[in-house]
Amino acid sequence: MMARTWFGACAIAAMLSAVLAPAAQASGAAAAARRVPNAQDITDLSCPRGVVVTHSVCGLGAQTDDGPNGMALVRNGVPGHASVVPPGGPKITCPTATTCVVGNAEGIGWVVDGRSTVITPITGMDVLNAIACGSVTQCVVVGVTGATNHEHAEYAVIHRGEDFAPVHRVPHVTDLEAAACGVAGKCVAVGEAGEGKVTPQGVAVAISGRHTATDRSATLSGLDTVSCGSAGSCFATADRLAGGELHPYVVHLVKGKLGKAVPDPFAFGDLSCWSSS
């Protein structure tokens, strides 16, 4: 059974480890989980924005029984077999019902109707944390590089068909955990800026091509996930350190700037937005 709480046109929920049956989703009743054939683990999940999940195609990042990371398509709530598609997962995003993008720190690949089409290598990133696409031809990847306690946040803007994707460092930011794009060319990434501090600061980084703008929070110690309902309106999950404990929050971002943060009473930690209102 999956509980949700709502923030405007966003839903925040626990990360699923299985796919819910369409009939149960439609009725709101408890749903039996469906197993993904030949998969050991689900590493990521993405559905196109603006469509009904139970009548569409979603993508799952999945670790296959043989070990490599791959993906599985979920059609009308029913997952198919997991297959390895170059360059492999574990991250996935699906900008449309027919196109998904999978990848890792070595590169990303466009998958159309379950078949790998174009691969773009990435150079200079140690760990890829997220992929976000504003269109079927342009995506942003975010991650980190460097040794423990000396990490640096990085990003790359990737156009389909490029020979390789150069990586750019985000100054004074130690980690970027998630990213989302309202439209092509207008994306936001979230994470933290540690810089040797006992308590890190939550950050939001607006990404437009080679240009970035970073906004820090004086009260939030880290931002974990983000979703955009439009080019200028996004919501992110966050943590605030108080009394020696981390407390979950949801914060509104407007044009990449951190706005009001409200407590998340369910502490689910993941969210999805499908419009700006």
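This structure is a prediction, so every number in the text was calculated from the model and none was measured.

Student: Can you help me understand the overall build of the chain in this one?
Tutor: For the chain, the count of helices and strands is one helix and 26 strands. Looking at the chain as a whole, 47% of its 277 residues qualify as buried. Per element, the accessible surface of the chain, about 12,700 Å² overall, is 53% carbon and sulfur.

Student: I'm lost on unusual backbone geometry in this one. Help?
Tutor: What is expected of a backbone is that most residues other than glycine have negative phi and most peptide bonds are trans. The phi dihedral of N38 is positive, around 50 degrees, even though this residue is not glycine. Here N38 lies in the loop between strand 4 (33-34) and strand 5 (39-46). By relative accessible area, which is 28% here, N38 ends up partly exposed. Here the phi dihedral of H172 falls at roughly 65 degrees; this positive angle occurs in a residue that is not glycine. You can see H172 is positioned in the loop between strand 17 (168-169) and strand 18 (175-183).

Student: Quick question: what am I supposed to make of the nonpolar core here?
Tutor: General note: in soluble globular proteins, nonpolar side chains tend to be found buried as a group. Membership of the largest hydrophobic core comes to 18 residues, with the highest contact counts inside it found for V142, V170, V173, L176 and I207. For this core, the secondary-structure elements that each account for two or more residues are strand 13 (127-133), strand 14 (138-145), strand 15 (152-159), strand 18, strand 19 (186-193) and strand 20 (201-208). Once you skip the residues sitting within four places of it in the chain, V173 turns out to touch H152, A153, E192, A193, V203, V205 and T214. In terms of nonpolar packing, the next biggest core, distinct from the first, is built from 16 residues, L220, A238, Y249 and V251 among them.

Student: Where do I start with the environment of K260 in this structure?
Tutor: With respect to the helices and strands, the residue K260 is situated in strand 25 (residues 257-263). Looking at K260, the relative accessible area reads 67%, which means it is exposed. Separated by 10 residues in sequence, K260 and V250 place their C-alpha atoms 8.4 Å apart. Not counting residues up to four positions away in its chain, the partners in contact with K260 are V250, V251 and H252.

Student: I tried to follow the sheet that holds strand 11 (residues 107-112) on my own but got confused; where do I start?
Tutor: Read across the sheet, five strands follow the order 9-10-11-12-16 without closing on themselves; strand pairing throughout is mixed. Among the strands making up the open sheet, the edge pair consists of strand 9 (91-93) and strand 16 (165-166). Looking at chain direction, strand 10 (residues 99-104) and strand 11 are connected through six bridges and run antiparallel. Residue pairing for strand 11: V101 is matched across the bridge by W110.

Student: Please clarify how the state of the cysteines should be interpreted in this entry.
Tutor: Here is the idea: a disulfide is a covalent bond, and it sits between the sulfur atoms of two cysteines. Counted according to the given criterion, the structure contains five disulfides. Disulfide pairing is shown between C228 and C234; the S-S distance is 2.1 Å. The sign of the S-S torsion, about 90 degrees, decides the handedness of the disulfide formed by C228 and C234: right-handed. Judged by its relative accessible area of 6%, C234 is buried.

Student: How do you make sense of the packing of aromatic side chains when you look at a structure like this?
Tutor: Centre-to-centre distance and the angle between the planes together describe a pair of aromatic rings. Scanning all chains against the criterion turns up zero aromatic pairs. Over the ring of Y249 we find R240, and its NZ or CZ is 4.3 Å from the ring centre.

Student: Would you mind showing me how to read the sheet that holds strand 24 (residues 245-254) here?
Tutor: To summarise the sheet geometry, strands pair through backbone hydrogen bonds and adopt either a parallel or an antiparallel arrangement. Read across the sheet, four strands follow the order 22-23-24-25 without closing on themselves; strand pairing throughout is antiparallel. The sheet terminates laterally at strand 22 (222-228) and strand 25, the two strands that pair on one side only. Ignoring strand direction, the axes of neighbouring strands in this sheet form an average angle of 30 degrees.

Definitions and limits used
Residues numbered from 1 in each chain as written. Predicted model: local features only at pLDDT ≥ 70, side-chain atom pairs only at ≥ 80, totals over all residues. Heavy atoms only, no water. Helix = DSSP H or I, 4+ residues; strand = E, 2+ residues; numbered from the N terminus. Buried < 20%, exposed > 50% of the residue type's maximum accessible area, 1.4 Å probe, protein only. Areas by Shrake-Rupley, 256 points an atom, 1.4 Å probe, with all protein chains shown as cover. Core = buried A, V, L, I, M, F, W, Y, C linked by side-chain atoms within 4.5 Å. Contact = heavy atoms within 4.5 Å. Pairing = 2+ DSSP bridges. Disulfide = S-S within 2.5 Å. Phe/Tyr/Trp six-rings, centres within 6.5 Å; stacked < 30°, edge-to-face > 60°. Lys NZ or Arg CZ within 6 Å of the ring centre and 35° of its normal. Axes fitted to C-alpha atoms, helices over the stretch in contact; angles between N-to-C directions.

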